[in-house]
Amino acid sequence: MNKSTTSYSENKQEIDKLFLDIEKLVEYEKNKPDNEITFQLWKTLNDKEKNLVAGFFKHWETKGIISKSFLEESKIQIREAFDLLIQYEIKKDKQSKDELIDLINLNS
């Protein structure tokens with residue numbers, strides 16, 4: 001994401017590799033038992049129509065270069081999503097589950 005203040009096309013090879021890795025992660029999460037919520041979040045993170053990871057990269061591709069202020073705001077939102085995912089994976093408690101579900105529903 002930090003490279004988004006430079007040309008998307010200059011970074012396309014790295015971006016393609018990132019999304020290949022994300023696709024592998026989504027497939028892995030899909031096949032784990034009792035993992036529907038984590039899988040749903042990974043699908044949301046990887047959805048170009050949402051305002052998270054894939055959506056950020058789609059915006060970068062469309063604009064060519066991202067402004068520093070847009071980058072910083074996007075990083076906050078995406079970091080929060082990953083923090084919620086990490087907390088859920090660590091705790092697997094009702095509160096972290098509800099927070100993750102809320103995030104998924106906000107991005108539906």
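Calculation notes
Residues numbered from 1 in each chain as written. Predicted model: local features only at pLDDT ≥ 70, side-chain atom pairs only at ≥ 80, totals over all residues. Heavy atoms only, no water. Helix = DSSP H or I, 4+ residues; strand = E, 2+ residues; numbered from the N terminus. Buried < 20%, exposed > 50% of the residue type's maximum accessible area, 1.4 Å probe, protein only. Polar contact = N/O pair within 3.5 Å; in protein donor to acceptor, adjacent residues only side chain to side chain. Expected span 1.5 Å × (residues − 1). Contact = heavy atoms within 4.5 Å. Salt bridge = Lys/Arg side-chain N within 4 Å of Asp/Glu carboxyl O.

*Asks:* Explain the side chain of Ser 4 here, please?
*Replies:* Along the chain, Ser 4 falls in the segment before helix H1 (8-30). Take Ser 4: its relative accessible area is 0%, and that puts it in the buried class. Of the polar contacts made by the side chain of Ser 4, one reaches the backbone oxygen of Met 1; its length is 2.7 Å.

*Asks:* What's the story with helix H4 (residues 68-91) in this structure? I'm lost.
*Replies:* Side chains of residues three or four places apart in an α-helix project in the same direction, reflecting 3.6 residues per turn. If you check H4, its first and last C-alpha atoms are 34 Å apart, about what 24 residues at 1.5 Å a residue would give, namely 34 Å. Looking only at H4, the buried set comprises Leu 71, Ser 74, Lys 75, Ile 78, Ala 81, Leu 85 and Tyr 88. Buried residues belonging to H4 abut helix H2 (36-45), helix H3 (53-63) and helix H5 (94-106).

*Asks:* Whenever I open this one, unusual backbone geometry confuses me. Can you help?
*Replies:* At Asp 34, a residue that is not glycine, the phi angle is positive and equals roughly 50°. Residue Asp 34 is classed as exposed on the basis of its relative accessible area, which comes to 80%. A positive phi angle is found at Lys 92, which is not glycine, with a value near 50°. Relative to the helices and strands, Lys 92 resides in the loop between H4 and H5.

*Asks:* Even after reading the chapter, I still don't get the pattern of salt bridges, so can you show me in this structure?
*Replies:* Summed over the entire model, instances satisfying the criterion amount to 11 salt bridges. In this structure, Lys 58 and Glu 49 form a salt bridge, with 2.8 Å as the shortest nitrogen-oxygen distance. When its relative accessible area of 59% is taken as the criterion, Glu 49 is described as exposed. Here the residues in one salt-bridge network are Lys 68, Glu 72 and Lys 75, joined through shared partners.

*Asks:* What is the right way to read the environment of Lys 92 from this model?
*Replies:* The exposure class assigned to Lys 92 is partly exposed, which follows from its relative accessible area of 42%. It is 23 Å that separates the C-alpha atoms of Lys 92 and Ile 76, two residues lying 16 residues apart in sequence. Look past the residues within four positions of Lys 92 in its chain and what remains in contact with it is Asn 35, Thr 38 and Gln 87.

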